[in-house]
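Structure assessment
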Amino acid sequence: MSVIIIVSECIYNQFCKPGCRVREDKVLEEVKMCLANYPCILILKCIEEEIFGIFRFNVTRKMLEKNKFFTKKCEDLAKEIADRVESYCDAFKIKGEEEISKVIIIGVEGSPTCGISRYLDSMNGKPDYGRPKTEKSKKWRTSLEGCGILIESLKKELERRKINFETIGVGDPEETREKLTLLKDEYGSQCASHKNKE
């Protein structure tokens, strides 16, 4: 059973967060440990960093949706990733090996770009410009159901090509650990099988 993992860049590279914001995060470390032995991991590069730079403000999905250059970049990257996934699937068929059974997309919950099931927005259209998250500032923040712009583009592109996929959102520690356990239980054996073939 072969699986392709697609993961948001900031899970491996915290420097791409606004202001190179680095913090100790046990959940991120657990995600990286879980993925360590998978033979195919594709990175979703940070479009926010590419367009707005390192020292950028935090932005909301509503703000990003208005930026047509940003949304086009997300669509282009989604097509590029889907092209690679499709190529790998075709390669396995040509080699006569078992087909790639699933694609797993791993994003960061709350991100307006890479959120899986929710993204942070702001009430009354007032964005959070990177201020310390005090109780006063938190009242302006709200979590909305839905995925980030890049994840939405990627899901649409994979669906269009009839490629099966599942998603994992890195956020709540308990929920994330539960999903990682299911991932290891269902697909972890593929790592050993690939190593045995080497």
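Residues numbered from 1 in each chain as written. Predicted model: local features only at pLDDT ≥ 70, side-chain atom pairs only at ≥ 80, totals over all residues. Heavy atoms only, no water.

To continue, consider the overall build of the protein. Looking only at helices and strands, the protein has 8 helices and 6 strands in total. Walking the protein from its N terminus toward its C terminus, one meets helices and strands in the order β-α-β-α-α-α-β-β-α-β-α-β-α-α. Evaluated residue by residue, the protein yields a buried proportion of 43% over its 198 residues. Of all intrachain contacts in the protein linking residues separated by at least 6 positions in sequence, the fraction that spans at least 24 positions is 74%. For the protein, the exposed surface amounts to about 11100 Å²; the carbon and sulfur share of it is 52%. (Helix = DSSP H or I, 4+ residues; strand = E, 2+ residues; numbered from the N terminus. Buried < 20%, exposed > 50% of the residue type's maximum accessible area, 1.4 Å probe, protein only. Contact = heavy atoms within 4.5 Å. Areas by Shrake-Rupley, 256 points an atom, 1.4 Å probe, with all protein chains shown as cover.)

With respect to the helices and strands, Val59 occurs in the loop between helix H2 (47–52) and helix H3 (61–65). Using a relative accessible area of 19% as the deciding quantity, one classes Val59 as buried. With 53 residues separating them along the chain, Val59 and Pro112 place their C-alpha atoms 7.5 Å apart.

Let's shift gears to the nonpolar core. Core analysis: the biggest nonpolar cluster contains 30 residues, and Ile6 and Val85 have the highest contact counts within it. Listed by contribution, the elements that provide at least two residues to this core are strand E1 (2–8), strand E2 (41–44), helix H4 (68–95), strand E3 (100–108) and helix H6 (149–160). Sorting elements by how many residues they give to this core places H4 first, with 9 residues. Look past the residues within four positions of Ile6 in its chain and what remains in contact with it is Leu42, Leu44, Ile81, Val85, Val103, Ile104, Ile105, Ile106 and Leu154. By size, the runner-up hydrophobic cluster in this structure holds 21 residues, among which are Ile11, Val27, Leu183 and Tyr187. (Core = buried A, V, L, I, M, F, W, Y, C linked by side-chain atoms within 4.5 Å.)

It is worth spelling out the pairing of E1 at this point. Looking along a regular strand, one sees side chains alternate from face to face of the sheet. Burial runs high along E1: 7 of the 7 residues are buried. Neither face of E1 is open: one carries Ser2, Ile4, Ile6 and Ser8, the other Val3, Ile5 and Val7, and all of them are buried. Alignment of E1 against E3, held across 6 bridges, turns out to be parallel. Of the residues in E3, the one forming a bridge with Val3 is Lys102. Where E1 lies against E2, 4 bridges are found, and the strand directions are parallel. When the bridges of E2 are listed, Ser8 appears paired with Leu44. (Pairing = 2+ DSSP bridges.)

At Cys20, a residue that is not glycine, the phi angle is positive and equals roughly 50 degrees. Mapped onto the elements, Cys20 comes out in the loop between E1 and helix H1 (26–35). Here Cys20 falls in the partly exposed class, since its relative accessible area comes to 30%. Positive phi values are uncommon outside glycine, yet Lys162 reaches one of about 60 degrees. With respect to the secondary-structure elements, Lys162 resides in the loop between H6 and strand E6 (165–170). Among the residues examined, Lys162 registers a relative accessible area of 74% and is labelled exposed.

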